Amino acid sequence: METLRKESFETTRIKLAKQAVEQYSFTSAQVKQLLQLFSFEESRLDMAKHMYRLSTDKPNYFQVYDVFSFSASKEQLSAYLRDYR
């Protein structure tokens, strides 16, 4: 998390985060904490979608919605989770 925090470019931060998370599983609370490192709503949404499959407690993934400022982002995540297979 410290490496991501130090990265100044959001696009690089996303790439690093996606590489780093692939080998682990996360609780919804941990996903929420990680998403707070991103400045842009679009980046948070991208990572939230990416990390859903790595979540160990999918029924609690609703906690992740708290990191979003816009209802459109929450709706997009909800639609993604609904269609996820």
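Here the residue numbers are simple positions, counted from 1 along each chain's written sequence. Only residues with pLDDT of 70 or above have their local features reported here, since the model is predicted, and side-chain atom pairs are shown and tallied only from 80 upward, although totals for entire chains, interfaces and linings are computed over all residues. As a convention, hydrogens and water are excluded, and side-chain values are obtained from all of the structure's heavy atoms.

**Q** What is the right way to look at the nonpolar core in this model?
**A** Taken as a class, soluble globular proteins show a tendency for nonpolar side chains to be buried jointly. We call a set of buried residues a nonpolar core when its members are Ala, Val, Leu, Ile, Met, Phe, Trp, Tyr or Cys and they connect through side-chain atoms within 4.5 Å of each other. Burial classes: relative accessible area under 20% of the type maximum marks a residue as buried, over 50% as exposed, and values in between as partly exposed (1.4 Å probe, protein chains only). Ranked by internal contacts, the top residues of the largest apolar core, which has 23 residues, are Met47, Met51, Tyr61, Val64 and Leu77. To qualify as a helix, a DSSP run of H or I must reach at least 4 residues; to qualify as a strand, a run of E must reach at least 2; elements of each kind are numbered from the N terminus. At the level of elements, helix 2 (10–21), helix 3 (28–35), helix 4 (41–52) and helix 5 (71–83) are the ones that each hand at least two residues to this core. If you tally residues by element for this core, the top one is helix 4, at five residues. It only takes one pair of heavy atoms within 4.5 Å for two residues to be counted as in contact. Those residues in contact with Met47 that sit more than four places away from it in its chain are Ile14, Ala17, Lys18, Leu34, Leu35 and Phe38.

**Q** It is not clear to me how the packing of helix 2 against helix 4 should be interpreted in this structure. Could you clarify?
**A** A pair of packed helices can be characterised by two numbers: the angle between their axes and the separation between those axes. Orientation is described by axes fitted as lines to C-alpha atoms, over the contacting stretch for helices, and by angles from 0 to 180 degrees between their N-to-C directions. At a minimum axis distance of 11 Å, the contact between helix 2 and helix 4 shows a crossing angle of 10°. One way to sum up the angle between helix 2 and helix 4 is to call them roughly parallel. Contact residues: Glu10, Ile14, Ala17, Lys18 and Val21 in helix 2; Ser43, Asp46, Met47, His50 and Met51 in helix 4. Of the residues belonging to the contact of helix 2 with helix 4, the class tally is five nonpolar, two polar and three charged. The labels follow the angle: roughly parallel below 35 degrees, roughly antiparallel above 145, roughly perpendicular from 65 to 115, and oblique for the rest. Throughout, the ten residues Ala, Val, Leu, Ile, Met, Phe, Trp, Tyr, Cys and Pro are labelled nonpolar, Asp, Glu, Lys and Arg are labelled charged, and all others, Gly among them, are labelled polar.

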